[in-house]
Amino acid sequence: MPIIAKQCGIKFDPPSVILIYENEHTDKLRKRVMPVRNFSEYSDCSRAAERLKHHPHHAHYLDSVSLEQLVRLYTVLRDHLRGLSVEESLREQCHSHTHEEDLNKFSDEELKRRKAQMDVLFELNRRRRDDPDFVYDLEVEFPENSSREPCSWDQSDEEF
Amino acid sequence: MAGDMKRIPELEQEKYDADEQVKIICLGDSAVGKSKLMERFLMDGYRPQQLSTYALTLYKYTTTINSKPVLVDFWDTAGQERFQSMHPSYYHKAHACIMVFDVQRKVTYKNLSNWYKELREYRPEIPCLVVANKIDADMRVTQKSFNFAKKQGLPFYFVSAADGTNVVKVFKDAINMALSYKKNSSDFMDVVMRELENFDLEGKEESADEEEEEGKAD
């Protein structure tokens, strides 16, 4: 049965990876729930993701879901078990590997993938026109430059 | 590329000499959110023109300033920035520049100096606004001072394309600065370009069918 993966996410209770997919023959949308077992806040997310990706029952369905995405989902689950919110987890995931990345040097594929990762946080924080508190021309004043503390990015050897 | 560009009506840059037309360019590394900022300013449903051959996206915008209609062309890169440099025609006749970095990625801040250097090679005098994007990802950055803008004497904005903070303000300020620059322009490069254009016209009488690539930098 050829399947097209549409969306893949994580559920905290009971912990499971959820896949929304389409059966190409019937055009019907289906939901597959893949329980997460033997996983704690100390587990290795990469290994857990790999195990699921190659699981005899699930591998076929997860063919087009990237390992990176599964690792991300497991990390959200692990951070949840550690008491972090989804937002905090995504923020930390962003932070841990983005600071020194020079995306100008990435291939098209890699750049696309990184942009998709960034879009997760963008969509989470996004205010849309139909949100009740939407303001088109939202102006916020921040403290003057002189009253802010210096940023460490300015302290390195290279000068502007 | 230079010669080809002139044959595309959308990229005919002479129009930017008219009083009521300005060109504003966006600069900055890949994935700092340049297009997201444009889309937030122009809002949903807006369809820009993709000129993929030139790795360029054009956003046309009409507004009224001092009860006069003003046409603004925003030029956005579509991957060209990956080569760490833009084609000279990208800068040609620009009246203002919006320079963006991502507060989540230091390298995009460090690269500002390279973008700024290239900008000033082509447009020594145009107003340039420095934009720190994605503050929604970590609001603590707004308590920090980023010295690049201060050192260069450029206006600085904390913005978020996601929640909309200060996006419209940046674009409004950029349009106003572009217009006032245009009004009071004494940019050396403008003068040189005009001289070269005149020179081209005179030259044409003698060699009508020769392609003049060198004189014009567009």
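Here the structure is shown first, and the text comes after it.
Residues numbered from 1 in each chain as written. Chains lettered and ligands numbered in written order. Predicted model: local features only at pLDDT ≥ 70, side-chain atom pairs only at ≥ 80, totals over all residues. Heavy atoms only, no water.

**Some words on the sheet that holds strand β1 (residues 3-11) of chain A**
By way of backbone hydrogen bonds, the strands of a sheet pair with one another, either parallel or antiparallel. All names here are of chain A. Overall, antiparallel pairing links the three strands, which are arranged β1-β2-β3 in an open sheet. The outermost strands of the open sheet, each flanked by one partner alone, are β1 and β3 (28-35). If you compare each strand with its neighbour and ignore which way they point, the axes differ by 20° on average. Two elements, strand β2 (residues 16-23) and β3, share eight bridges in a ladder whose sense is antiparallel. Paired with isoleucine 20 across the two strands is lysine 31, which belongs to β3. Strands β1 and β2 of the sheet are contacted by helix α2 (residues 67-81), whose axis makes an angle of about 20° with β1. (Pairing = 2+ DSSP bridges. Helix = DSSP H or I, 4+ residues; strand = E, 2+ residues; numbered from the N terminus. Axes fitted to C-alpha atoms, helices over the stretch in contact; angles between N-to-C directions. Contact = heavy atoms within 4.5 Å.)

**Some details on the pattern of salt bridges**
Under the criterion given, the structure shown has 15 salt bridges over all chains. Put simply, lysine 169 of chain B and aspartate 173 of chain B hold a salt bridge, and the shortest N to O gap is 3.6 Å. Within this pair, lysine 169 of chain B and its partner aspartate 173 of chain B are both found in helix α7 (residues 167-183), separated by four residues, close to a single helical turn. With a relative accessible area of 26%, lysine 169 of chain B lands in the partly exposed category. Here the salt bridges share partners, and the residues they tie into one network are Glu123, Arg126 and Arg128 of chain A. (Salt bridge = Lys/Arg side-chain N within 4 Å of Asp/Glu carboxyl O. Buried < 20%, exposed > 50% of the residue type's maximum accessible area, 1.4 Å probe, protein only.)

**Some words on the state of the cysteines**
Residue and element names in this part refer to chain B. Across all of its chains, the model carries zero disulfides over all chains by this definition. Here cysteine 97 stays unpaired: no disulfide links it, and the sulfur of cysteine 128, its closest cysteine neighbor, is 4.2 Å away. The class for cysteine 97 is buried, based on a relative accessible area of 0%. (Disulfide = S-S within 2.5 Å.)

**Side note on the packing of helix α2 (residues 34-42) of chain B against α7 of chain B**
All names here are of chain B. Relative to each other, α2 and α7 sit at 90°, their axes nearing to 9 Å. With respect to α7, the element α2 is oriented roughly perpendicular. Contacts between α2 and α7 involve Leu37, Met38, Arg40 and Phe41 from the former and Val167, Val168, Phe171 and Ile175 from the latter. Along the lines of polarity and charge, the residues of the contact of α2 with α7 split into seven nonpolar, no polar and one charged. (Parallel < 35°, antiparallel > 145°, perpendicular 65-115°, else oblique. Nonpolar A, V, L, I, M, F, W, Y, C, P; charged D, E, K, R; others polar.)

**Side note on helix α5 (residues 112-122) of chain B**
Listed as buried for α5 of chain B are Leu112, Trp115, Tyr116, Glu118, Leu119 and Arg120 of chain B. Structurally, α5 of chain B contributes buried residues whose contacts are with β1 (21-27), α3 (88-91), β5 (96-102), α4 (106-110), β6 (128-133) and α6 (147-152) of chain B.

**Focus on the nonpolar core**
Soluble globular proteins tend to pack their nonpolar side chains together in the buried interior. Core analysis: the largest hydrophobic core is formed by 67 residues, its most contacted members being Ile24, Leu27, Phe74, Ile98, Met99, Phe101 and Leu119 of chain B. Tallying contributions element by element places α7 of chain B first for this core, with nine residues. Here leucine 27 of chain B is in contact with Lys34, Met86, Tyr90, Tyr91, Cys97, Ile98, Met99, Val100, Trp115 and Leu119 of chain B, once residues within four sequence places are set aside. The next biggest cluster of nonpolar side chains, apart from the first, holds 19 residues, and it includes Cys8, Val17, Leu19 and Val36 of chain A. (Core = buried A, V, L, I, M, F, W, Y, C linked by side-chain atoms within 4.5 Å.)

**Observations concerning the pairing of β1 of chain B**
Residue and element names in this part refer to chain B. Judged by how many residues are buried, β1 sits mostly within the fold: seven of seven residues are covered. Because side chains alternate across β1, one face comprises the buried residues Gln21, Lys23, Ile25 and Leu27, and the other comprises Val22, Ile24 and Cys26, equally buried. Examined bridge by bridge, β1 and β5 share four bridges and lie parallel to one another. Bridge pairing links isoleucine 24 to alanine 96 in β5.

Treat this as a map of the structure, not an account of what it does.
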